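# Observations on the three-dimensional arrangement
Here's the letter readout for the chains.
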Amino acid sequence: PTAVPGTSAARVIYFTAAPEVVARGGTVTLSWQVTGATKVSVYRTEPGGPLAEPSPVTSPTGSWTLTLPASYTTTATFLLFASDATGTPLGKFNAC
């Protein structure tokens, strides 16, 4: 995972995608573990950046299996947002 610059109380132990190479319309499983956060939001982004599909799992440790749209031609990017119990953002991390 790559941390977005700034100070974060959250620490990503892992944020992975498997398999690393997926055919168009294929299935990928994202897995994560974050310490120092009470809620985690993971999103698939559209090519070019807008948030698209949110994970149904919001716990600091979890996984999400999803099918990538056939329109994805080169890469898929996923963002993980960590927050505390009050909803205060603690960090933003990405995986491609």
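Here the structure is shown first, and the text comes after it.
Report on the accompanying structure. (Residues numbered from 1 in each chain as written. Predicted model: local features only at pLDDT ≥ 70, side-chain atom pairs only at ≥ 80, totals over all residues. Heavy atoms only, no water.)

### Re the nonpolar core
Counting residues in each nonpolar core, the largest one holds 20 residues, and the members touching the most others are Trp32, Val34, Val42, Phe78 and Leu80. For this core, the secondary-structure elements that each account for two or more residues are β2 (11–18), β3 (27–35), β4 (39–45), β6 (61–67), β7 (78–83) and β8 (89–95). Looking at which element gives the most residues to this core, the answer is β3, with 4 residues. (Core = buried A, V, L, I, M, F, W, Y, C linked by side-chain atoms within 4.5 Å. Buried < 20%, exposed > 50% of the residue type's maximum accessible area, 1.4 Å probe, protein only. Helix = DSSP H or I, 4+ residues; strand = E, 2+ residues; numbered from the N terminus.)

### A word on the environment of Val42
Mapped onto the elements, Val42 comes out in strand β4. Counting along the chain gives 12 residues from Val42 to Leu30, while the straight-line C-alpha distance between them is 9.0 Å. Leaving out residues up to four positions away in the same chain, Val42 has contacts with Phe15, Leu30, Trp32, Glu53, Pro54, Ser55, Trp64, Leu79 and Leu80. (Contact = heavy atoms within 4.5 Å.)

### Let's talk about the pattern of salt bridges
Enumeration according to the criterion identifies 2 salt bridges in this entry. A salt bridge links Arg44 to Glu46, with the shortest nitrogen-to-oxygen separation between them at 3.6 Å. Residue classification places Arg44 among the buried positions, given a relative accessible area of 7%. A relative accessible area of 33% means that Glu46 is categorised as partly exposed. Between Glu53 and Arg44 there is a salt bridge, and its shortest N-O distance comes to 3.1 Å. Of the residues examined, Glu53 reaches a relative accessible area of 27% and is grouped as partly exposed. (Salt bridge = Lys/Arg side-chain N within 4 Å of Asp/Glu carboxyl O.)

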